Amino acid sequence: MLVPLLIHPPVSKPCEPPAGIAKLGGALKHHGMEFRVWDANLEGLLNFLTYPPPSLDTWTSRAFRHLPDHLHLLRSWEGYENQDHYGRAIHDLNRLLERTARLRLVHLSLTNYEHETLSPVRSRDLLWAAEHFEENPFYPHFRKRLTELLEKDPPSLIGLSLNYLSQALCTFAMIGFLKREWPHLPLVLGGGLVTSWMKKPHWQNPFKGLVDDCVAGPGEEALLSLMGVREVEGLPYTPNYDSFPLKDYLAPGFILPYSASSGCYWNRCSFCPERAEGNPYLSIPIDEVLRHLLRLVERHQPVLIHFLDNAIHPSLLKAICKDPPGAPWYGFVRITRHLTDPDFCLALKRSGCVMLKLGLESGDQTVLDDLRKGIDLKEASSALRNLKKAGIATYVYLLFGTPSEDLTRARKTLDFVVNQHDCIDFLNLAIFNMPTHGPEACQMEANPFYEGDLSLYTCFRHPGGWSRSSVRRFLDREFKKHPAVAPILRRDPPVFTSNHAPLFNMKVSGLPRSIHD
Ligand code: SF4
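About the cut-offs
- Residues numbered from 1 in each chain as written.
- Predicted model: local features only at pLDDT ≥ 70, side-chain atom pairs only at ≥ 80, totals over all residues.
- Heavy atoms only, no water.
- Pairing = 2+ DSSP bridges.
- Helix = DSSP H or I, 4+ residues; strand = E, 2+ residues; numbered from the N terminus.
- Axes fitted to C-alpha atoms, helices over the stretch in contact; angles between N-to-C directions.
- 1 Å grid on protein atoms, 1.4 Å probe; cavity = no way out; pocket = protein on both sides within 12 Å on 5 of 7 lines; lining within 4 Å.
- Points joined across faces, edges and corners; volume = space filled by probe spheres on them.
- Nonpolar A, V, L, I, M, F, W, Y, C, P; charged D, E, K, R; others polar.
- Buried < 20%, exposed > 50% of the residue type's maximum accessible area, 1.4 Å probe, protein only.
- Core = buried A, V, L, I, M, F, W, Y, C linked by side-chain atoms within 4.5 Å.
- Contact = heavy atoms within 4.5 Å.
- Polar contact = N/O pair within 3.5 Å; in protein donor to acceptor, adjacent residues only side chain to side chain.
- Parallel < 35°, antiparallel > 145°, perpendicular 65-115°, else oblique.
- Left-handed = near helix turned anticlockwise from the far one by under 90°.
- Phe/Tyr/Trp six-rings, centres within 6.5 Å; stacked < 30°, edge-to-face > 60°.
- Lys NZ or Arg CZ within 6 Å of the ring centre and 35° of its normal.

Some words on the sheet that holds strand E11 (residues 304-307)
- An order of E8-E11-E12-E13-E14-E15 is seen for the six strands of this open sheet, with the pairing classed as parallel. The sheet is open, and its two borders are formed by strand E8 (255-258) and strand E15 (426-431), each paired with just one other strand. In this sheet, adjacent strand axes meet at a mean angle of 20 degrees when their direction is disregarded.
- The sheet contact formed by E8 and E11 spans four bridges and is parallel. Bridge pairing links Tyr258 to Phe307 in E11.

The following block contains the structure:
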């Protein structure tokens, strides 16, 4: 029987299972096919933590001694009751990873993998990583586990899901090892990052000969076709989480990732990578979403549902209010008029909503209009107040250094945040990157941002001279230091940020942590 092995390579946040592989598994299961999954990220990081670090200074030895306690803490509700204890556990785990990987010139953390000389956006560096796979700090573990997995029950193909830059060098190291040991085993590479690469104009696959197929976009159809399924009904398949080690993730229970759509229903913001890539908006019919969630919640009793949509559609929000999924949930929404209705916000809260992520970007109306965000600042203030009153935490995303921003306008964003500071629970501050292949990039004077043929962003000369260094100075010296802003920033869970933030709010809001409590 044809049985594929689906792998999620290191490194990404190990707090929930990978949704992409779960979707592929759901499609295979629907067609009666067997499959195996391996979360090499979770397993690799946990294994790595058990190596005694090479140099045991006071901090590192204390961190190593407390490793079992820290893991236990992050897997229980206790970990999310005290920010200091939580922060210490996270920093200690990072210390252990950092110390051990440093020997291989890698800066490793629970969320990142950076090599001192190799770049994940240079294809020649990825090819080097494949050729010199023994150099990868995860090699001893993946050699052992892949050998066990492949010798015991040889798969018909291997699918690797590459979504983040922090996974790229490890993914290619695994590919290099697989290619040397099992040269005839088909290797298929997919995932969000691969999709973005393949959507670059003039894309030419630099990995031919190493990888048999690269797949852009949702991979269900491509995988089914490789598995010999000719008639694909195009159904939205229920993701399958049965084979993941759900108790091992760094969370107090199973966080269920779920996407009701891909692309974005708004699809108008300038400089949006989704728009630049021309990704279509594809959504699962609402009835089907509710059925999926019901089934998954019943089966796994998650402590939290994580909606992965770029923006949850308002009609889905309304449907969830009427027919709650049965577990607390959070996700990204656009700031729309719906949120200016206090009753709607209360209904969201009753449906289990514990946190909303809001892409506000700027507190200056001209900047918002230039970005085509479709956000009205008066409505944004009202939405934030209503959500606060309803007891829903807000995670507000701000973007500085956009082409129409300058210092005066950035200060207006600061004023907006200061005025709303009591309604903002968490803040994410980002500096603008210009997508290389968006329509706007051609209108600006651009230079490659990262030195790499696979780079997705480009550096540009800001028309008003509001350079990245000026933005950084403003953020460090003025924005972050403001007495109304600094406490919000301190509240952000280190490393896991928005992935763990709702867990803290579940305590604050007094909501049942799971419907089963
Ligand atoms: S709402 Fe977000 S995903 Fe949608 S177009 Fe705007 S930036 Fe892109």
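Things to note about empty space enclosed by the protein
- With the rule as written, the count across this model stands at one cavity of 30 Å³ or more.
- Taken as a whole, the largest cavity spans an internal volume of roughly 80 Å³.
- Going through the elements one at a time, strand E4 (113-115), helix H6 (123-131) and helix H8 (165-181) are the ones with two or more residues in the lining of the largest cavity.
- Split by residue class, the lining of the largest cavity holds seven nonpolar, three polar and two charged.

Side note on the pairing of strand E14 (residues 393-400)
- Among the eight residues of E14, eight are classified as buried, and the element is accordingly described as predominantly covered.
- Relative to E14, strand E13 (residues 353-361) runs parallel, the two sharing six bridges. By the bridge assignment for E14, Leu356 is matched with Thr394.
- In the sheet, E14 pairs with E15 via six bridges, with the strands oriented parallel. By the bridge assignment, Phe400 is partnered in E15 with Ile431.

Brief notes about the nonpolar core
- Grouped together as the largest cluster of nonpolar side chains are 82 residues, with contacts concentrated most on Leu108 and Phe172.
- Counting residues per element, this core draws most heavily on H8, at nine residues.
- When sequence neighbours within four positions are dropped, the list of residues in contact with Phe172 reads Leu126, Ala129, Ala130, Leu162, Leu189, Phe207 and Leu210.
- By size, the runner-up hydrophobic cluster in this structure holds 81 residues, among which are Ala19, Val37, Val188 and Phe416.

Digging into the layout of surface pockets
- Each pocket or cavity is described by its volume, and for the second largest pocket that value is around 460 Å³.
- Secondary structure elements with two or more residues in the lining of the second largest pocket: helix H10 (220-226), strand E9 (261-262) and strand E10 (282-283).
- Of the residues that constitute the lining of the second largest pocket, the class distribution is 11 nonpolar, five polar and three charged.

Focus: the side chain of Ser166
- Along the chain, Ser166 falls in helix H8.
- In terms of polar contacts, Ser166 uses its side chain to reach the backbone carbonyl oxygen of Val11, at 2.6 Å.
- Each residue touching Ser166, except ones within four places of it in the same chain, is listed here: Pro10, Val11, Thr111, Asn112 and Tyr113.

Some words on the sheet that holds strand E6 (residues 187-190)
- Taking strand neighbours across the sheet as the criterion, the five strands line up as E2-E1-E5-E6-E7 in an open arrangement whose pairing is parallel. Of all the strands in the sheet, just strand E2 (36-38) and strand E7 (213-214) have a single pairing partner and so form its edges.
- Judged from the two bridges that link them, E6 and E7 form a sheet pairing that is parallel. Considered in E7, the bridge of Leu189 is made with Cys214.
- Contacting strand E1 (5-7), E2 and strand E5 (158-161), helix H1 (residues 19-30) runs over the sheet at an angle of about 160 degrees to E1.

Observations regarding the packing of helix H4 (residues 67-74) against helix H5 (residues 83-101)
- Where H4 contacts H5, the axes come no closer than 10 Å and their chain directions differ by 130 degrees. With respect to their mutual orientation, H4 and H5 come out oblique. Viewed along their axes, H4 and H5 form a crossing whose handedness is left-handed. From H4, Leu67, His70, Leu71, Leu73 and Leu74 reach across to H5, where they touch His85, Tyr86, Arg88, Ala89, Ile90, Asp92, Leu93 and Leu96.

Let's talk about the packing of aromatic side chains
- Enumeration according to the criterion identifies 29 aromatic pairs in this entry.
- Judged by centre distance (5.5 Å) and plane angle (50 degrees), the rings of Phe133 and Tyr139 are tilted.
- In this structure Tyr139 comes out as buried when scored by relative accessible area, which is 11%.
- We note Arg268 situated over the ring of Trp266; from NZ or CZ to the ring centre the distance is 4.0 Å.
- The positively charged end of Arg334 is found above the aromatic ring belonging to Trp266, 3.7 Å away from the centroid.

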